[in-house]
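As a plain string of letters, each chain reads:
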Amino acid sequence: MLICVLGTPQSGKNSLANHLVDTYDFTRVYLGSASLPPDASSNALAFPSSSAFLDFVTQTWRKNYVTTDIRRRTKLEEYAKRPFVAIVSVQAPLGVRFKRAVATAQRKGLEELTLDEFVAADDAILYGPTELPTPPPVLQPGPPSTPKQTTNSLRPNEPPSPVPSPSRSSSSLPTLSDSEPLLPLLRELSNISLLNPHSTFAPFFSTLSLPAVNDSLRPPWDAYFMRLASLASLRSNCMKRRVGCVLVRERRVVSTGYNGTPRGVRNCNEGGCLRCNSYGNGLGEGEKGTQMAMGVGLDECLCLHAEENALLEAREPLADFVWRLASSWARKSQRRWNSWGGAILQHVSLFKLSGIVLSG
């Protein structure tokens, strides 16, 4: 397995990489140079390019590697195509990271950053380099007798720009090897996200679970089907709640379903079900006192449940199915056994009408 660690400056990504090396016998990999840094561990490896390392790790993927040197989207996407590559992001609050930067500068004898300088450099890494708009000249009023003095007269005490001073040593500023913004990579490509606001390493390291990392690469069957159910729920048009369902036989998806009005009937979110739209037309023009509370007037609801729609979409005999019904809007699962000896895996208890359909 290869773990690519991404993180903001002073978030703890290098500490996490060292923890994997010391505790779980991972091999640290450095990219961009054929030589190792002076403080590298004895079993560390160095590659001149990420492409050369990708060829190597593909041949030795059963071994464990960790690197913090891949930060370009194109390269990360190329690595993420391999089923043994996990991308872990590490983040920490800005104030915590600034204190760590100051402590690091003091320990290494570097010039300390001001908060404005750290924030400006950090923003450039997260969002990319941006040019601050130049403020228009502010005219200073002059004496009434000399109006010409007000023309193009700049304010004498103009506030300094938040951009770090060029005279400051760049070695003390957090930098990125390229200008690609880091924030989209953290949000879109990470398999696991870790938060490190702690003052010590132990609580931070405890948040990393290697089994969870493995599951993020290839989720177990139940988690896989739950994700499909959650995806199906996005097609729901019911105004009360979103629910998705997947019917599975022998680990094979038979059908999917989501709740909403029957085929041929106007969608619930377009006014097709009067019970679900008892709050009005969405413009605040509903009649007062007509709102139906949760669980009231269910016999007037036209929306089919997600499991009912999944049953209607099934194309095979139902009697010998092993059902796993996954409703997407809650967290904890419940397992029930139907009359065929199969299992119903669901997030919420079955409604009474749905139970009649499934048992009948």
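Presented here is an overview of the structure given in this document. (Residues numbered from 1 in each chain as written. Predicted model: local features only at pLDDT ≥ 70, side-chain atom pairs only at ≥ 80, totals over all residues. Heavy atoms only, no water.)

**What about the side chain of Ser-50?**
As for its position among the elements, Ser-50 is in helix α2 (residues 50-59). Residue Ser-50 is classed as buried on the basis of its relative accessible area of 14%. Setting aside residues no more than four positions away along its own chain, Ser-50 makes contact with Leu-31, Lys-75 and Tyr-79. (Helix = DSSP H or I, 4+ residues; strand = E, 2+ residues; numbered from the N terminus. Buried < 20%, exposed > 50% of the residue type's maximum accessible area, 1.4 Å probe, protein only. Contact = heavy atoms within 4.5 Å.)

**Digging into the packing of helix α4 (residues 94-108) against helix α5 (residues 115-127)**
A pair of packed helices is characterised by two quantities: the angle between their axes and the separation of those axes. Here α4 crosses α5 at 115°, and the two axes come no closer than 11 Å. Classed by the angle they form, the pair α4 and α5 counts as roughly perpendicular. Where α4 crosses over α5, the two elements pack in a sense that is right-handed. Across the interface between the two elements, Leu-94, Arg-97, Phe-98 and Ala-101 from α4 touch Leu-115, Phe-118, Val-119 and Asp-122 from α5. Split into classes, the residues belonging to the contact of α4 with α5 amount to six nonpolar, no polar and two charged. (Axes fitted to C-alpha atoms, helices over the stretch in contact; angles between N-to-C directions. Parallel < 35°, antiparallel > 145°, perpendicular 65-115°, else oblique. Left-handed = near helix turned anticlockwise from the far one by under 90°. Nonpolar A, V, L, I, M, F, W, Y, C, P; charged D, E, K, R; others polar.)

**Here's the deal with a nonpolar patch on the surface**
Nonpolar side chains collect at one region of the surface, where Trp-221, Tyr-224 and Val-253 lie side by side and expose about 250 Å² of accessible area between them. On the secondary structure map, Val-253 appears in strand β8 (residues 252-258). Accessibility expressed as a relative area gives 33% for Val-253, which makes it partly exposed. (Patch = residues over 30% accessible without salt bridge, like charges linked within 9 Å, V, L, I, M, F, W, Y side chains within 5 Å. Areas by Shrake-Rupley, 256 points an atom, 1.4 Å probe, with all protein chains shown as cover. Salt bridge = Lys/Arg side-chain N within 4 Å of Asp/Glu carboxyl O.)

**Let's talk about unusual backbone geometry**
Only a minority of non-glycine residues have a phi that is not negative, and only a minority of peptide bonds are not trans. Its identity as a non-glycine residue notwithstanding, Asp-25 has a phi of 60°, on the positive side. Assignment of secondary structure puts Asp-25 in the loop between α1 (13-24) and β2 (27-31). If you check the backbone angles, Arg-251 has positive phi at about 60° while not being a glycine. Within the secondary structure layout, Arg-251 lies in the loop between β7 (244-249) and β8. Relative accessible area serves as the criterion here: at 55%, Arg-251 is assigned to the exposed category.

**Quick look at the packing of aromatic side chains**
The final tally for this structure, using the stated rule, is twelve aromatic pairs. Relative to Phe-118, the ring of Phe-98 lies with its centre 5.8 Å away and its plane at 65°, an arrangement referred to as edge-to-face. One end of the pair, Phe-98, is in helix α4; the other, Phe-118, is in helix α5, and 20 residues separate them in sequence. By relative accessible area, which is 1% here, Phe-118 ends up buried. Pairwise contacts between aromatic rings join Phe-47, Phe-53, Phe-56, Tyr-65 and Tyr-79 into one cluster. (Phe/Tyr/Trp six-rings, centres within 6.5 Å; stacked < 30°, edge-to-face > 60°.)

**Regarding the pairing of strand β6 (residues 192-195)**
The side-chain alternation of β6 yields one buried face, formed by Ile-192 and Leu-194, and one unburied face, formed by Ser-193 and Leu-195. Here strand β5 (residues 85-91) runs beside β6; their pairing, made up of four bridges, is parallel. The residue of β6 that forms the bridge with Ser-89 is Ser-193. (Pairing = 2+ DSSP bridges.)

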